[in-house]
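Residue strings, one per chain:
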Amino acid sequence: MTPGWRRGGFPSTRRSTGRRVVLVVAVVVLAIIVAEIAADVVDSGRTAGRVAAATYVTEVIPVVGESSILSSTMHLVRDRSGSLGRAGLESALGDLVEGTAANLAQLAGLGVPAPSARSARLLDAVLTARARGSRDLAGAIAIAIGPTSGPQSLARASSGVVDAGKEMIASDKDYRAFVLSLPRSSGRSRLPASRWVAHPFSWAAPAAASFVAQLSGSSRLEVHTSLVIVAMTVQPPVVRINGLPTTTTLPPTTTTTTTTTSTTTSTTLPGTRTTTTSTSTTTTTPTSPTSTTMQLPPPGSTSVLPPTERVSVVLVVANAGNAPLSDIWAAASVIPEASSGRNGGSVTRSRSVRVGHLAPGASVVVSVPALAVSSGRSYTLFASVGTGTLPTGAVTVPPKGPGQTDQVTIRVASG
């Protein structure tokens, strides 16, 4: 019995050893598979990271390009402000401030994450500083070329220029750090160079004070306000003009003798201010009986209207100065002539309307509410534009400040 029992034990030992070998081999194979899968996952993650970083750089390139383009506007303002003239300078400053704000908003709406939080923070700091610097520069120049330019104002303007320079210099430093913060595999070398300040000393206090002094002393940057009536039309239209060398039937447009008043305030060196007021009168007659004209008939002539009970006046009003104008109004009045014979309808009629704001060089068509008239009567028709309080009565002289008053004699034909 005993030998048989021993023979049965040897095969069991061999089977147990074989199982252990198989198990060890399986574990080794499984480990190799897991390692290969992990390596593949790591490699794919690195590839995805490189693709994401490269995509970010691609999306950022036009944003940085826009900022670089805006730097040329900044240099135009900084280096050639006198040659731009006041209107051109203010327009360039507006483009600079609005453009840098839009550039910052463009970055915020990018929709592609940066490779790191540091990269995102640095680029945001670059565009934020350039937007702040643009606002500082615009504010400083507005003070320097404003209507008052005493020593305190000029000191404030110089300080604003220095602050603007600090912001722009800091933005250049942050941009260099931003580029270096990106992985090499992102293709960061594709990013354009973006440097706003080549010579930092040109934004230091002495240079800023010199720049402000040039602005305040430039004759091309003086404040000049001028509000004019470019044309006047009446409805119903004029059918003829009496009192000319040859009576002429005109198209449905007539206007008047022009009296222009303009006020010029010039800001020169600190503590000085010069104000001049000039008045000019221009009279022009039509060059041919059949040509369309917006010129006014000469004094002594009478524009005849068809029978009507109401006269409407339409004006083309323009800001012919180099500074914005606000609180603009337009007015029209009819004053009956004493020699017109009849007593009915002898009351002066006046209407006015608020125009609002006009930028330099801008114009607007203004319709003044209709005025009551009587058939068979003659009137002096006044049309005026000005600024300030809306007039409540007839305006028969040039208004104070920028503005103009035109007049023409009209006669309403009998029905």
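One structure accompanies this document, and this report is about it. (Residues numbered from 1 in each chain as written. Predicted model: local features only at pLDDT ≥ 70, side-chain atom pairs only at ≥ 80, totals over all residues. Heavy atoms only, no water.)

Scanning the protein chain from terminus to terminus reveals four helices and 12 strands. For the protein chain, the proportion of its 415 residues judged to be buried stands at 40%. In the protein chain, the proportion of contacts linking residues at least 24 apart, taken out of those at least 6 apart, comes to 78%. Counting only carbon and sulfur atoms, one obtains 59% of the accessible surface of the protein chain, whose full area is about 21,000 Å². (Helix = DSSP H or I, 4+ residues; strand = E, 2+ residues; numbered from the N terminus. Buried < 20%, exposed > 50% of the residue type's maximum accessible area, 1.4 Å probe, protein only. Contact = heavy atoms within 4.5 Å. Areas by Shrake-Rupley, 256 points an atom, 1.4 Å probe, with all protein chains shown as cover.)

Below, the discussion takes up the side chain of Ser81. Positionally, Ser81 belongs in helix H1 (residues 2-108). Under the relative-accessibility criterion, Ser81 is labelled buried at 8%. Setting aside anything within four residues of it in sequence, one finds Ser81 in contact with Leu76, Leu89, Phe211, Leu215 and Leu221.

To continue, consider the pattern of salt bridges. If you walk through the whole model with that rule in mind, you get three salt bridges. Across the salt bridge formed by Glu90 and Arg86, the nearest N and O atoms sit 3.4 Å from each other. With Glu90 and Arg86 both in helix H1 and four residues apart, the pair spans about one turn of that helix. Among the residues examined, Glu90 registers a relative accessible area of 27% and is labelled partly exposed. Here Arg86 falls in the buried class, since its relative accessible area comes to 8%. (Salt bridge = Lys/Arg side-chain N within 4 Å of Asp/Glu carboxyl O.)

Another aspect to go through is the sheet that holds strand E7 (residues 310-319). Read across the sheet, three strands follow the order E2-E7-E10 without closing on themselves; strand pairing throughout is antiparallel. Only two strands of the sheet have a single partner each, and these edge strands are strand E2 (227-235) and strand E10 (363-372). Each strand axis lies, on average, 25° off the axis of its neighbour in the sheet, ignoring direction. Of the pairings in the sheet, the one linking E2 to E7 comprises eight bridges and is antiparallel in character. Bridge assignment links Met232 to a residue of E7, and that residue is Leu315. (Pairing = 2+ DSSP bridges. Axes fitted to C-alpha atoms, helices over the stretch in contact; angles between N-to-C directions.)

Topologically, Ser384 is positioned in strand E11 (residues 378-387). A distance of 2.9 Å separates a polar atom in the side chain of Ser384 from a polar atom in the side chain of Thr405. Residues in contact with Ser384, not counting those within four places in the same chain, are Ile229, Leu315, Trp329, Ala330, Ala331, Val395, Gln404 and Thr405. (Polar contact = N/O pair within 3.5 Å; in protein donor to acceptor, adjacent residues only side chain to side chain.)

For the rest of this paragraph, the subject is the environment of Val364. In this fold, Val364 is placed in strand E10. The class for Val364 is partly exposed, based on a relative accessible area of 29%. In this structure, Val364 is in contact with Leu315, Val316, Val317, Val355 and Leu358, ignoring residues within four places of it in sequence.

Put simply, helix H3 (residues 151-181) and helix H4 (residues 205-217) touch, their axes get as near as 8 Å, and they point 125° apart. Relative to H4, the element H3 is oriented oblique. Crossing geometry of H3 relative to H4 is assigned as right-handed. Residues Leu154, Ala157, Ser158, Val161 and Val162 of H3 form the contact with H4, whose own contacting residues are Ala205, Ala208, Ala209, Phe211, Val212 and Ser216. (Parallel < 35°, antiparallel > 145°, perpendicular 65-115°, else oblique. Left-handed = near helix turned anticlockwise from the far one by under 90°.)

A separate point is the nonpolar core. Judged by nonpolar contacts, the single largest core of 29 residues is most densely connected at Leu315 and Leu381. Contributions of two or more residues to this core are made by E2, E7, strand E8 (325-336), E10, E11 and strand E12 (403-412). Ranked by residue count, the leading element in this core is E8, at five residues. What Leu381 contacts, discounting residues up to four positions off in sequence, is Met232, Val234, Val313, Ser333, Val334, Leu371, Asp406, Gln407, Val408 and Ile410. (Core = buried A, V, L, I, M, F, W, Y, C linked by side-chain atoms within 4.5 Å.)

Moving on, we get to the pairing of E11. Across the 10 residues of E11, nine count as buried, placing the element largely inside the fold. In this sheet, E11 lies alongside E8 in antiparallel orientation, the contact comprising nine bridges. The partner of Ala331 across the bridge, within E11, is Ser384. Sheet analysis places E11 next to E12, joined by eight bridges and oriented antiparallel. Its bridge partner lying in E12, Ala383 is registered against Asp406.

In the sheet, E7 pairs with E10 via eight bridges, with the strands oriented antiparallel. For Val313, the partnering residue across the bridge sits in E10 and is Val368.

The next point concerns the packing of aromatic side chains. All chains considered together, the criterion is met by two aromatic pairs. Taking the centre distance of 6.5 Å and the plane angle of 70° together, the rings of Tyr56 and Phe178 count as edge-to-face. Note that Tyr56 is positioned in helix H1 and Phe178 in helix H3, a separation of 122 residues in sequence. The interplanar angle of 40° and the centroid separation of 6.0 Å between the aromatic rings of Tyr175 and Phe178 together place this pair among those described as tilted. Residue Tyr175 and its partner Phe178 are located together in helix H3, separated by three residues, close to a single helical turn. Grouped by ring-pair contacts, the aromatic residues Tyr56, Tyr175 and Phe178 constitute a single cluster. Stacked on the ring of Phe211, the Lys or Arg Arg78 has its end atom at 4.4 Å from the ring centre. (Phe/Tyr/Trp six-rings, centres within 6.5 Å; stacked < 30°, edge-to-face > 60°. Lys NZ or Arg CZ within 6 Å of the ring centre and 35° of its normal.)

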